[in-house]
Amino acid sequence: MGCMSQTQNAPSTGAPSSRLDSFFSISKRGSTVGREVRGGMVTFFAMCYIIVLNPLIIGTVPDSTGMYLGGGTEPNMPAVAAGTALIAAICSIFMGAWANFPLAMAAGLGLNAYLAYGVVSLPGMTWAGAMGLVLVEGVIILLLVLTGFRKAVFLAVPQFLKTAIAVGMGLFIAFIGLINARFVTTGGGTPVQLGNSGSLIGWPTAVFVFGLVLMILLWVRKVPGAILIAIIAATVLAIVVENTVGIGQFAPATDADAGNPYGWSMNVPALSTSAFALPDLGTLFQVDPIGGLRAVGVVGAIIVVFSLLLADFFDTMGTMVAVGTEAGLVDENSDVENSQRVLVADSVGAIMGGVGGVSSNTSFVESATGVGEGARTGLATVVTGLCFLIAMFLSPIVALVPYEAATPALVLVGFLMMSQVVEIDFSDLTKAIPAFLTIILMPFAYSITVGMGAGFIMYVVIQIVVGNAKKVHWLMYVVSALFVLYFLRDALTGLLGL
């Protein structure tokens, strides 16, 4: 890990100063209550976009019967947003208090899109049925944790691959930050390009650059609260700009409309008349596992649950490794501190996501921004959860923070995580090639699971070819075979006529 993180991780020899300190081992992990609170707030600002984005994904797509999530023939976005915030709050607080780990949770991206675009459109499938299959997936993955299988897989992964996972996720979250702020976009005859047209233009871009530069300068100067200060400063600038110029939200150009190519990517930082809004919890308990099973049959349900399970299983493993490594919570045996409890909490998140009707909740790699701010304990995660709870009632204030102000944190933390690449021995091709595939495919395929799967499979294949098949842990063979099935799931679905 980077030298800056090592400095922050210096252990404390002082006795706990309070019950809070003792419960969360704050002094023992070389942190302070103030640093944990700042870290929790930074993590919230880095991932609060999910309150807006999750409703846009699962709240705008009708099921096969024409009904929307939360009930009704019209989208109920406020209910989905409130449910998203509530379940994220419950899961994050549980993670922090139970596992004492700086890893916040919310509705998982990718998992929610799979439900919206690949599950609820199946004949006879309802949103309640889809959430029922999410519940089933959560129960199965919890059983895998309680039986020790999930942790056994984690311990079977070679250390160099764990490091590659952390590095790949660093590049991945940095890429997410650049894309979400539209500093990098698709188009122009290339997969990605700088800005909207190969150059930088527009006030939102200026806000992003201002926030990123300020954050880097404060970080280099080792100013406490550098990330949070930069987010707040960039948000204030965004509010001033929007309420002076009136930029509005981004809209792509069409044949009939010029659109608004230089607008804000998601939240428009416009001042509203009220900062308070009562939540609508209409998505809660809208879950029907029996209905989901009846809609697609046993084989179809197995494929849906398997797809959700494998992505959830390994996304969490990768996130836990990356955040734990950056926080200095990995022991000499390459195990993450309290890893079993972390995995239990994450599994409960899948169950809660189904019960809450907002898709499987999972660990967010954006938690690394809080670790970058100095968070080392579960207190930071509890703070993030409380922020989500407050956000249910203060959604107008949360909506004031645009992507352009929050995502510079992802870029900076991406750098910190990527600095671990020096720990991989690239002179050994049997390690270098699997590590390389793991690292590059996370951002290039826009998937943690794909990067891990490619690295695992290539590692096993190379070890067999060079005559080291017996040195590979048997679980790596099992996991690699599962990844092969995962990569071929669409082809298998077609062969089965589903």
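Residues numbered from 1 in each chain as written. Predicted model: local features only at pLDDT ≥ 70, side-chain atom pairs only at ≥ 80, totals over all residues. Heavy atoms only, no water.

1. Topic: the overall build of the protein chain
For the protein chain, the count of helices and strands is 22 helices and four strands. The C-alpha radius of gyration computed for the protein chain amounts to 22 Å, which stays within 12% of the reference 23 Å derived for 498 residues, consistent with globular compactness. Along the first, second and third principal axes, the C-alpha set of the protein chain runs to 65 × 60 × 55 Å. Taken over 498 residues, the protein chain has a buried fraction of 53%. A fraction of 79% describes how many contacts in the protein chain between residues 6 or more apart in sequence connect residues 24 or more apart. Carbon and sulfur atoms make up 69% of the accessible area of the protein chain, which amounts to about 19,600 Å² in all. (Helix = DSSP H or I, 4+ residues; strand = E, 2+ residues; numbered from the N terminus. Rg over C-alpha atoms; globule rule 2.2 N^0.38 Å. Buried < 20%, exposed > 50% of the residue type's maximum accessible area, 1.4 Å probe, protein only. Contact = heavy atoms within 4.5 Å. Areas by Shrake-Rupley, 256 points an atom, 1.4 Å probe, with all protein chains shown as cover.)

2. Overview of helix H15 (residues 378-391)
Its 14 residues give H15 an end-to-end C-alpha distance of 20 Å, which sits within 8% of 20 Å, the value for a rise of 1.5 Å per residue. Every buried residue of H15 is listed here: Gly-378, Leu-379, Ala-380, Thr-381, Val-382, Val-383, Thr-384, Gly-385, Cys-387, Phe-388 and Ala-391. Between a side-chain oxygen at the N-terminus of H15 and the backbone nitrogen of Leu-379 the separation is 3.2 Å; the capping residue is Thr-377. (Expected span 1.5 Å × (residues − 1). Polar contact = N/O pair within 3.5 Å; in protein donor to acceptor, adjacent residues only side chain to side chain.)

3. Overview of the state of the cysteines
Summed over all chains, the structure comprises zero disulfides. Residue Cys-48 stays outside any disulfide, its sulfur separated by 9.3 Å from that of Cys-387, the closest cysteine. Residue Cys-91 stays outside any disulfide, its sulfur separated by 16 Å from that of Cys-387, the closest cysteine. Taking the relative accessible area as the measure of exposure, Cys-91 reaches 3% and is therefore buried. (Disulfide = S-S within 2.5 Å.)

4. Some remarks on a nonpolar patch on the surface
Together, Val-484, Leu-485, Phe-487, Leu-488, Leu-492 and Leu-495 make up an exposed nonpolar region whose accessible area comes to about 530 Å². At the level of elements, helix H21 (474-487) and helix H22 (489-495) are the ones that each hand at least two residues to the nonpolar patch. Counting residues per element, the nonpolar patch draws most heavily on H21, which supplies three residues. When you line up the elements, Leu-495 lands in helix H22. Judged by relative accessible area, which is 72%, Leu-495 ranks as exposed. (Patch = residues over 30% accessible without salt bridge, like charges linked within 9 Å, V, L, I, M, F, W, Y side chains within 5 Å. Salt bridge = Lys/Arg side-chain N within 4 Å of Asp/Glu carboxyl O.)

5. A short note on the pairing of strand E2 (residues 184-187)
As defined by bridge partners, E2 adjoins strand E3 (residues 190-194) across three bridges and the pair is classed as antiparallel. Its bridge partner being in E3, Val-184 is matched across the sheet by Leu-194. Hairpin connection, E2 to E3: the antiparallel pair is bridged by two residues, and Gly-188 has positive phi, about 70°. (Pairing = 2+ DSSP bridges.)

6. Details of the packing of aromatic side chains
For the structure shown, the criterion picks out 10 aromatic pairs. Seen in terms of ring centroids, Phe-94 and Trp-98 are 6.0 Å apart; in terms of plane orientation they differ by 10°. Their pairing is stacked. You can see Phe-94 and its partner Trp-98 sitting in helix H5 (residues 77-99), four residues apart, about one turn around the helix. The partly exposed category is assigned to Trp-98, whose relative accessible area is 34%. Relative to Phe-483, the ring of Phe-456 lies with its centre 5.8 Å away and its plane at 90°, an arrangement referred to as edge-to-face. With Phe-456 in helix H20 (residues 448-465) and Phe-483 in helix H21, this residue pair connects regions lying 27 residues apart in the sequence. (Phe/Tyr/Trp six-rings, centres within 6.5 Å; stacked < 30°, edge-to-face > 60°.)

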